[in-house]
Amino acid sequence: MTVTAPSNQSITHVPINGLYGGSGYVEGPSGGSTWGYGGAGGGGSNPSFEEEDVLDELTPDTPIEDIEDFLSCYDTSQPAVITIYADQPIKGSSASFNSDLDVGHAFISIAQSGKTSSFGFYPSGEGIKSAHGSSIIGNNGGDSYDVSLSRNISGATLALVIQKAINYPDIYDVYNYNCTDYSLELANLAGFNIDNAWGVYPTGSGRDNPGKLGQILRTRPGANTEGGFASSKANGCN
């Protein structure tokens, strides 16, 4: 698959040992190499990995069969709080994966009047099928994260967020629309104004990803940079 970089970037191979210092290069775990992007060239090769091992990490532990029902208790005439979370492959780094080939996860929560629902976008298939295939929403209540950012929203904005959350794309594609893209769409409806979180996955294809998202969130006033666990699965509309 062809990698499409942001308009001001170009694609190159970048070795990870002794990371290049130039801006725009994608970080990766030490002791290997990965793809990067930037204005200057560099040598290197793709890392050795089993793609199925990477993609098996993408499926949800707790699928949500009916996201509309999952979010049905929220009152769109009242204000709420929306939070975007990044579970980074390497805490405090824009790396798109770590030495275990974990690519991380991004997800959202909605809180109102003591109710909290945490959820994210996933592929419903396993292994190679999860690179491109049918999608599902997963329950992220109780899941760990490295950085988060919250914002108060009006009832009218909440209605827009819920509508978008329910009408998620039928297709998950790690290189075209993944968990970070879904989270960013919802967050940007709420006024977070994050243009992109673009980086390169170990397969050599680029897309928004949790590592880069986390680093962007860390620069925002009011961000929780200590990490923690999202509210328990026992909370929310179910």
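Each remark here, short or long, concerns the structure printed above.
Starting afresh in each chain, residues are numbered from 1 along the sequence in its written order. Given that the model is predicted, a residue must reach a pLDDT of at least 70 before its local features are reported, and side-chain atom pairs must reach 80 or more before they are shown or counted; all residues, however, enter totals for whole chains, interfaces and linings. Side-chain calculation: all heavy atoms of the structure are included, whereas hydrogens and water are not.

Colleague: Just checking my understanding: could you explain unusual backbone geometry for this structure?
Modeller: Apart from glycine, the bulk of residues carry a negative phi angle, and the bulk of peptide bonds sit in the trans form. The phi dihedral of Ser-113 is positive, around 50 degrees, even though this residue is not glycine. Runs of H or I in DSSP of at least four residues are treated as helices and runs of E of at least two as strands, each being numbered from the N terminus. As for its placement among the helices and strands, Ser-113 is situated in the loop between strand E5 (105-112) and strand E6 (115-123). Each residue gets one of three labels from its accessible area relative to the maximum for its type: buried under 20%, exposed over 50%, partly exposed in between, using a 1.4 Å probe on protein chains only. Judged by relative accessible area, Ser-113 falls into the exposed class, the value being 70%. At Asn-193, a residue that is not glycine, the phi angle is positive and equals roughly 55 degrees. Looking at the secondary structure, you find Asn-193 in the loop between helix H4 (179-189) and strand E11 (198-200). On the accessibility criterion, Asn-193 (61% relative accessible area) is exposed.

Colleague: For this particular structure, what's the right way to read the environment of Ala-190?
Modeller: Within the secondary structure layout, Ala-190 lies in the loop between H4 and E11. Linking Ala-190 and Val-81, residues 109 residues apart in sequence, is a C-alpha distance of 9.4 Å. Contacts were defined at the residue level, with two residues in contact if any of their heavy atoms lie within 4.5 Å. Apart from the residues within four sequence positions on either side, Ala-190 is in contact with Ile-82, Arg-151, Ile-153, Thr-157 and Val-161.

Colleague: Even after reading the chapter, I still don't get the packing of aromatic side chains, so can you show me in this structure?
Modeller: In this description, an aromatic ring pair is defined by two values, namely the gap between the centres and the angle between the planes. Stacked, edge-to-face and tilted are the three classes for Phe, Tyr and Trp ring pairs, Trp counted by its six-membered ring, which pair at centre distances within 6.5 Å; planes under 30 degrees apart are stacked, over 60 edge-to-face, the rest tilted. If you walk through the whole model with that rule in mind, you get 8 aromatic pairs. Ring geometry for Phe-119 against Tyr-182: centres 6.4 Å apart, planes inclined by 70 degrees, an arrangement best described as edge-to-face. Here Tyr-182 lies in helix H4 and Phe-119 lies in strand E6, a separation of 63 residues in the sequence. Of the two residues, Phe-119 and Tyr-182, neither departs from the other in class, the shared state being buried.

Colleague: Looking at this model, I keep getting lost on the packing of helix H3 (residues 155-166) against H4. Mind explaining?
Modeller: To characterise two packed helices, one gives the angle between the axes of the helices and the distance between these axes. For every element, the axis is a line fit to its C-alpha atoms; helices are fit only across the contacting stretch, and the angle between N-to-C directions ranges from 0 to 180 degrees. The geometry of H3 relative to H4 is characterised by a closest axis approach of 9 Å and an angle of 160 degrees between their N-to-C directions. Classified by the angle their axes make, H3 and H4 are roughly antiparallel. As H3 runs across H4, the sense of the crossing is right-handed. Contacts between H3 and H4 involve Thr-157, Leu-160, Val-161, Lys-164 and Ala-165 on the former and, on the latter, Tyr-182, Glu-185, Leu-186 and Leu-189. Of the residues that constitute the contact of H3 with H4, the class distribution is 6 nonpolar, 1 polar and 2 charged. To sort the angles, those under 35 degrees are grouped as roughly parallel, those over 145 as roughly antiparallel, those from 65 to 115 as roughly perpendicular, and the leftovers as oblique. Two helices that cross are described as forming a left-handed crossing if the nearer one is turned anticlockwise from the farther one by less than a right angle, and a right-handed crossing if clockwise. Under the convention adopted here, Pro, Cys and the residues Ala, Val, Leu, Ile, Met, Phe, Trp and Tyr are nonpolar, Asp, Glu, Lys and Arg are charged, and Gly plus all remaining residues are polar.

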